[in-house]
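Topology and contacts: notes
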Amino acid sequence: QVQLVESGGGLVQAGGSLRLSCAASGLTFSSYGMGWHRQAPGKERELVAAISSGGGSTYYLDSVKGRFTISRDNAKSTLYLQMNSLNADDTAVYYCAARSAFSYEYWGQGTQVTVSS
């Protein structure tokens, strides 16, 4: 079965950094576009960043541009999200997901990111 397992979340002070990882198994990782989503308390889940299957194209939510970097290592079947200059608005549960065709089909369990101010 397909598994996506996030790690790297935690508590960080405003202005700090975290690097999230998502380890994938049970799928041909290099065939899937990947994305990081987040859901803050009382808010809808939103796409934060996305990367194409080969890593050549990326997308970022406007509010994280210049602060977050999405990357992938297809040889390790791992997706990353480097988050810098974190602020309280970044507090959320972060999820990785794999996109097959046109939809995000597989999802991880999420990892909590809490930014204190």
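Further up the page is the structure itself.
Residues numbered from 1 in each chain as written. Predicted model: local features only at pLDDT ≥ 70, side-chain atom pairs only at ≥ 80, totals over all residues. Heavy atoms only, no water.

Let us look at the nonpolar core. Counting 30 residues, the largest nonpolar core has Trp36, Leu79, Leu81, Met83 and Tyr94 as the members making the most contacts within it. Listing elements by their share of this core, those giving two or more residues are β3 (18-25), β4 (33-39), β5 (46-51), β7 (68-73), β8 (78-83), β9 (92-100) and β11 (111-116). (Core = buried A, V, L, I, M, F, W, Y, C linked by side-chain atoms within 4.5 Å. Buried < 20%, exposed > 50% of the residue type's maximum accessible area, 1.4 Å probe, protein only. Helix = DSSP H or I, 4+ residues; strand = E, 2+ residues; numbered from the N terminus.)

Across all of its chains, the model carries one disulfide by this definition. Disulfide pairing is shown between Cys22 and Cys96; the S-S distance is 2.0 Å. What sets the handedness of the Cys22 and Cys96 disulfide is the S-S torsion sign, and at about 50° it is right-handed. Here Cys22 is found in strand β3, whereas its partner Cys96 is found in strand β9, with 74 residues between them in sequence. Cys96 carries the same exposure label as Cys22, and that label is buried. (Disulfide = S-S within 2.5 Å.)

The alternating pattern of β11 places Thr111, Val113 and Val115 on a buried face, while none of Gln112, Thr114 and Ser116, on the opposite face, is buried. Alignment of strand β2 (residues 10-13) against β11, held across four bridges, turns out to be parallel. Pairing of Gln13 across the sheet is with Ser116, part of β11. Sheet topology places β9 next to β11; three bridges connect them, and they run antiparallel. Of the residues in β11, the one forming a bridge with Tyr94 is Thr111. (Pairing = 2+ DSSP bridges.)

Relative to the elements of secondary structure, Asn87 occurs in the loop between β8 and β9. Once the C-alpha coordinates of Asn87 and Gly16 are considered, the two residues, 71 residues apart in sequence, prove to be 8.1 Å apart. Excluding its chain neighbours within four sequence positions, the residues that come into contact with Asn87 are Arg67 and Val115. Only 2.9 Å separates the side chain of Asn87 from the backbone nitrogen of Asp89, close enough to count as a polar contact. (Contact = heavy atoms within 4.5 Å. Polar contact = N/O pair within 3.5 Å; in protein donor to acceptor, adjacent residues only side chain to side chain.)

What follows is about the pattern of salt bridges. Applying the stated criterion across every chain yields a total of four salt bridges. For the salt bridge of Glu46 with Arg38, the shortest nitrogen-to-oxygen distance reads 2.9 Å. Among the residues examined, Glu46 registers a relative accessible area of 31% and is labelled partly exposed. The exposure class assigned to Arg38 is buried, which follows from its relative accessible area of 6%. Between Lys65 and Asp62 there is a salt bridge; the shortest N-O distance is 3.1 Å. Asp62 carries the same exposure label as Lys65, and that label is exposed. (Salt bridge = Lys/Arg side-chain N within 4 Å of Asp/Glu carboxyl O.)

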